[in-house]
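Each chain, written out:
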Amino acid sequence: MRNGRSITRNALSKINLFLDRSALFAGIVSATGAARVLLLLAETDHITLTISEQVVTETERVIARKVPQALNDLRQAILASAARIVRDPSPEEVMAHLNLISHPADVPIVLAAMRAKVDYLVTLNRKHFIDDPNVAQQAGLRIGTPGEVLNWVRGQISAEDQ
């Protein structure tokens, strides 16, 4: 988990998480993991999930290739969680921000999360997102695995209940 910025939310605002393809995929194909719990928390309106058009497209493609029987589950999860789908950044925006992350294909994900002003970017991609602390710092984002973020969400919900 990396803290790119300190986030304070007022008691009425809902936790807003940006899921990348790896986190969304894990939430669909795993019946018990932290990514699945995050999807369920969104379905019960405890948190807000944000994804980008690219995340939807990439996740559909991977599911179609690896577990095609789960395509309908993906679509149902997006609907049931009332996920907010944000537009992808323009190619010009991506080119102007290639310094954000070492893997150029991930720049649109970081930019979409930044523009959506989320509390966390949730990913299982340690190599590109988490292991490089400069990504969170330059993007001004908190970035963590589903497990790390779920622990943070639990803490936030407990604090709000007090």
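Structure shown above.
These figures come from a predicted structure and were not determined experimentally.

The rules behind the values
Residues numbered from 1 in each chain as written. Predicted model: local features only at pLDDT ≥ 70, side-chain atom pairs only at ≥ 80, totals over all residues. Heavy atoms only, no water. Buried < 20%, exposed > 50% of the residue type's maximum accessible area, 1.4 Å probe, protein only. Helix = DSSP H or I, 4+ residues; strand = E, 2+ residues; numbered from the N terminus. Arc of directions from axis to C-beta. Contact = heavy atoms within 4.5 Å. Pairing = 2+ DSSP bridges. 1 Å grid on protein atoms, 1.4 Å probe; cavity = no way out; pocket = protein on both sides within 12 Å on 5 of 7 lines; lining within 4 Å. Points joined across faces, edges and corners; volume = space filled by probe spheres on them. Nonpolar A, V, L, I, M, F, W, Y, C, P; charged D, E, K, R; others polar.

Caption draft 1: Looking closely at helix 2 (residues 34-43). Here helix 2 has its buried residues at Ala 35, Leu 38, Leu 39, Leu 41 and Ala 42. Viewed along the axis of helix 2, the buried residues span an arc of 160 degrees, placing them on a single side of the element. On its buried face, helix 2 sits against strand 1 (15-19), helix 1 (21-29), strand 2 (47-52), strand 4 (120-122) and helix 9 (146-161). Asp 45 sits one or two positions beyond helix 2 and adopts a positive phi of about 65 degrees.

Caption draft 2: The arrangement of the pairing of strand 1 in detail. Summarising burial for strand 1: five of the five residues are buried, a large majority. Alternating residues of strand 1 divide into Ile 15, Leu 17 and Leu 19 and Asn 16 and Phe 18, and every residue in both groups is buried. In the sheet, strand 1 pairs with strand 2 via four bridges, with the strands oriented parallel. When the bridges of strand 2 are listed, Phe 18 appears paired with Thr 50. Relative to strand 4, strand 1 runs parallel, the two sharing three bridges. The residue bridging Leu 17 from the neighbouring strand is Tyr 120, located in strand 4.

Caption draft 3: Spotlight on the layout of surface pockets. What the largest pocket holds in volume is close to 180 Å³. If you trace the largest pocket, you find 14 residues lining it, with Asp 20, Arg 21, Glu 58, Asp 106 and Asn 125 closest to the centre. When residues of the lining of the largest pocket are traced back to their parent elements, those giving at least two are helix 1, helix 3 (53-66) and helix 7 (126-130). By residue class, the composition of the lining of the largest pocket is four nonpolar, five polar and five charged.

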